[in-house]
Amino acid sequence: MSQTSDLQGRVAVVTGASSGIGRAIALSLAQAGARVAVNHSSGGRSAERAQEVCQAIAAAGGQAFAVQADVSQEADVERMLQAVQARYGELDILVNNAGVEDPAPIESMTLEQWRRVIDINLGGQFLCARAAARAFMARFPEPPPHRPAGNILFISSVHEVIPWAFQANYAASKGGISLLMKSLAQELAPRKIRVNSIAPGAIRTPINRQAWETEEALRQLLKLIPYGRIGEPEDIGRAAVWLASDASDYVTGTTLFVDGGMTLYPEFRGAG
Ligand code: BGC
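This write-up is about the structure you can find in this document. (Residues numbered from 1 in each chain as written. Predicted model: local features only at pLDDT ≥ 70, side-chain atom pairs only at ≥ 80, totals over all residues. Heavy atoms only, no water.)

Okay, the site of the ligand next. Residues in contact with the ligand, as listed here, are Glu101, Ser157, Val158, His159, Trp164, Tyr170, Gly201, Ala202, Ile207, Asn208 and Met262. The separation between an oxygen atom of the ligand and a polar side-chain atom of Tyr170 is 2.6 Å. In isolation the ligand has 310 Å² of accessible area, and contact with the protein removes 89% of it. Looking at the shell around the ligand residue by residue, the classes come out as six nonpolar, four polar and one charged. (Near = heavy atom within 4 Å. Polar contact = N/O pair within 3.5 Å; in protein donor to acceptor, adjacent residues only side chain to side chain. Areas by Shrake-Rupley, 256 points an atom, 1.4 Å probe, with all protein chains shown as cover. Nonpolar A, V, L, I, M, F, W, Y, C, P; charged D, E, K, R; others polar.)

Turning to the packing of helix 4 (residues 111-139) against helix 5 (residues 168-188), a few remarks are in order. Put simply, helix 4 and helix 5 touch, their axes get as near as 8 Å, and they point 15° apart. On the basis of their axis angle, the class for helix 4 and helix 5 is roughly parallel. Like other packed secondary-structure pairs, helix 4 and helix 5 cross with a definite hand, here right-handed. Touching Gln113, Trp114, Val117, Ile118, Asn121, Leu122, Gln125, Phe126, Ala129, Ala133 and Met137 of helix 4 are Ala168, Asn169, Tyr170, Ala172, Ser173, Lys174, Gly176, Ile177, Leu180, Leu184 and Leu188, all from helix 5. (Axes fitted to C-alpha atoms, helices over the stretch in contact; angles between N-to-C directions. Helix = DSSP H or I, 4+ residues; strand = E, 2+ residues; numbered from the N terminus. Parallel < 35°, antiparallel > 145°, perpendicular 65-115°, else oblique. Left-handed = near helix turned anticlockwise from the far one by under 90°. Contact = heavy atoms within 4.5 Å.)

The next point concerns the packing of helix 1 (residues 20-31) against helix 2 (residues 44-59). The interhelical angle for the contact between helix 1 and helix 2, taken along N-to-C directions, is 25°, at an axis separation of 10 Å. By the angle between their axes, helix 1 is roughly parallel relative to helix 2. Seen along the crossing, helix 1 lies across helix 2 with a hand that is right-handed. Contacts between helix 1 and helix 2 pair Arg23, Ala26, Leu27 and Ala30 from the former with Val53, Ala56 and Ile57 from the latter. Looking at side-chain class alone, the contact of helix 1 with helix 2 contains six nonpolar, no polar and one charged residues.

Below, the structure is given as structure tokens:
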């Protein structure tokens, strides 16, 4: 088995890949040699942006195609996996990235806000993981001796462990991903399907623009990051390539925090 980060010959689906972290992961996996299905949630701008990601991959000599699916919808997820298999014949890697924020103080958070975030961030990751697991098991009814049968990578957040006031729905969804990931890792390891998470900290993407777009906001944000810089989407792309590749073959059931030390309780440095 190859011990490099080479993804030549592998097929990956990346959900929520039209922007932000998902986009960077799609570009990084393609650069490492994978053929990539670039998922986007809807038409309009998100469809255009997904096309732009595919064009960037093609311009760099890689292969990709865009596929629309709302990951919270069972029928959409099934259709997406069928489209990937019809296009590339197989599936090796799922990157479960699509996610949203919808903040509100608890006293005014609506049930709709709660459900939307849980349905996309946690329900969507369940639906995609189940569809991928089914595809891996259909392809390899017995665990193959000399290669993995599949790889599932959850994109979680530092908020799977750091509580987040005014974002109870989001933090609950990410906390849920932690045990969803570990339970599936335990369940699927004997089938040679690896399951891991990346927990990004503050990464410069549209989802948290207000936290970095002004000098003052960035100064406040950096107080939470011991390493002294905001993360870039490529920081997550590189970690994803490693976890998706056979270079990490013995790693399963793990959350890799890529956060510049955000989870190290920086306010305790010299205090407490
Ligand atoms: C959120 C970002 C936030 C980061 C660190 C992420 O999961 O999506 O908005 O900046 O966590 O708090």
